[in-house]
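Topology and contacts: notes
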Amino acid sequence: SNVENGGAGSLAVTNGNGNGSGANGRNGTNGKSLAGRKRDRSPAPPMPSNCIPITKKPSIPWLNDTTGMYKPQPPPPPPPQWQPPPNTNNNRGGSRGYNSNPPPVNHHQFYAPPQRIPPLIRLHNEIVSFVKLMAPTEEELEVRTRMVERVTALAHRTFGGKDKCQVLPFGSQVTGLCLPGSDIDMVIRFPQNNNNKNGKAKSKKNGNGKKAGEVVEDEDEDDFASSNPLHRFADAVRTEFGVRSELEADDDDTNHTDEIKEHLSYLEVIEQTRVPLVKFTVAPHDIDIDICFDQPHGPESAELMHRFMESMPPLRPLTFVLKYFLASRLMNKPFTGGIGSYLLQLMIVSYLQHRAREDKERGLGAEGKHFNLGSLLLDFLELYGIDFNYVTVGISVRHDGYYFPKGGTNESKRIFWEPSKAHNLAMENPLDPSQNVGAGAFRMQMIGRVFGHAFKTLLCHVSEPLEPTESILGTIVPPTEEMERRAAMKKKGKKRRSEDGKKNKRGGG
């Protein structure tokens, strides 16, 4: 059967003996009866390389004592059986208990459910713990900042200095909404005033012999840098970072094998996309860096998200959870039809705007202080997974947020309506209303079904009758070994900081 991550085919489930059962659910027998057949004792076929046996029960790294995790309780003791009073003269029929009433018994003492935190509060606490676990550490932020500075210096050397090009980071690197595997997005811009000045100089000095030829040659180099910078910068990146094999060949005579130098593990020039870019990965940190050229609204969108986060406190934790939710299902890359970070944040902003307006109409206030993150996550998944009409409705976050018909006017129909992609999300760019941010998310119909399935899964664990589970958030966000390593790393860092604090207090005393 197909699963959410888009894998085709059927999943093979192995029993304790290693015998596989197919998707038909009949132990791999293709529906034939086992009656009268000799038991097959042949050795089990080798396990495929992509199937990893589960040797231990996966733990939930973000759970702690404050999240209110479910703990199985022993069955309550039965209520005491009523015993009739002894037979006396004043109590006729008392031996049979006809004329006596049983003593009152507090049944709640025996049948009351175990004391537990309400499920929505549990889910809220798990989201808070998950954000603390996945938030970047100081060491990770330092590595990412150093990488931004190195790429910036490389761009200045490649394209002629700070006067010829401007290097600006944007996205999660600026907003702070970066997961451990998030990309570093940067844009290189060539100022228009330099091009205008070069054009004037060329027209004036074109007929002055050798000197004019030298000027024209320099201008041609600048024009080449600004018109076709992708491959030029890719070559500079390869020269700057190098490849692992080349670095090992240079260090054959040395014995320093403990420290691994920074090197390229991946480099690609992507040109056949809406936004051409240079994409490369730097090892051993495994940091993905995306470089685009002369793209508008990148740093400006990061500044816009800063303002939204200041006015909407739930935006940050919801973004962390939903980004990881999509990344675990390979639905977070725009060039593969997924939802990018900017589009996801605009979807959350739009939902919070409408939610705040509804709460204000009900007299609950719109400050967001009473918001429960578990309730907000459920409502978000229900809105975009079940209720929202992708075919006819578009979204705008301007003017406190509103919906508009895709084909309401000729202008909106030209920008947001595509008959061949009717189920695509129409999201107006608040920095440029003539641009559709959701145009690249061509897998939106499947992502909507995934949102709906996640909503129904969470609903089973927060509504009566409750389905007990160790972690409510863990039912839609799969725990990984990386989370366990991060939990252990942060625990060691917290212990080290506490020991350093004690030493400082002793030294100060």
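Refer to the structure above for everything that follows.
**Considerations on the sheet that holds strand β8 (residues 393-396)**
Pairing within the open sheet is mixed, and its four strands lie in the order β9-β8-β10-β11. Each edge of the sheet is formed by a strand with only one pairing partner; in this case those strands are β9 (402-405) and β11 (432-436). Put simply, the sheet's adjacent strands are angled 35° from each other on average, direction ignored. Lying over the sheet, helix α11 (residues 341-361) contacts β8, β9 and β10 (426-429), oriented at roughly 95° with respect to β10.

**Examining the pattern of salt bridges**
The full count for this structure, using the stated rule, is 14 salt bridges. Here Arg 355 ties to Asp 359 by a salt bridge, and the two come within 3.3 Å at their closest N and O atoms. In this pair, Arg 355 and Asp 359 both sit in helix α11, four residues apart, roughly one turn of the helix.

**Overview of the nonpolar core**
In summary, soluble globular proteins display a tendency toward joint burial of nonpolar side chains. Membership of the largest hydrophobic core comes to 64 residues, with the highest contact counts inside it found for Met 347, Leu 377, Phe 380, Leu 381, Tyr 384, Phe 451 and Leu 473. Put simply, the parts of the chain that give this core at least two residues each are α2 (119-134), α9 (298-311), α10 (315-327), α11, α12 (373-387) and α14 (444-462).

**A few points about the sheet that holds strand β6 (residues 277-283)**
Taking strand neighbours across the sheet as the criterion, the five strands line up as β3-β4-β7-β6-β5 in an open arrangement whose pairing is mixed. Edge strands, defined here as strands with exactly one partner in the open sheet, are β3 (166-170) and β5 (263-270). Direction aside, neighbouring strands of the sheet carry axes that sit 20° apart on average. The pairing of β3 with strand β4 (residues 184-189) spans five bridges and is classified as antiparallel. Residue pairing in the sheet places Pro 169 in a bridge with Met 186 of β4. Across the face of the sheet, helix α3 (residues 138-159) comes into contact with β3, β4, β6 and β7 (287-293) while running at roughly 25° to β4.

**Details of the environment of Phe 233**
Relative to the elements of secondary structure, Phe 233 occurs in helix α7 (residues 229-241). Using a relative accessible area of 0% as the deciding quantity, one classes Phe 233 as buried. For the pair Phe 233 and Ala 155, spaced 78 residues apart in sequence, the C-alpha separation works out to 7.3 Å. Contact partners of Phe 233, with chain neighbours within four places excluded, come to Val 151, Leu 154, Ala 155, Thr 158, Phe 159, Ile 188, Ile 291 and Phe 293.

What counts and how
Residues numbered from 1 in each chain as written. Predicted model: local features only at pLDDT ≥ 70, side-chain atom pairs only at ≥ 80, totals over all residues. Heavy atoms only, no water. Pairing = 2+ DSSP bridges. Helix = DSSP H or I, 4+ residues; strand = E, 2+ residues; numbered from the N terminus. Axes fitted to C-alpha atoms, helices over the stretch in contact; angles between N-to-C directions. Contact = heavy atoms within 4.5 Å. Salt bridge = Lys/Arg side-chain N within 4 Å of Asp/Glu carboxyl O. Core = buried A, V, L, I, M, F, W, Y, C linked by side-chain atoms within 4.5 Å. Buried < 20%, exposed > 50% of the residue type's maximum accessible area, 1.4 Å probe, protein only.

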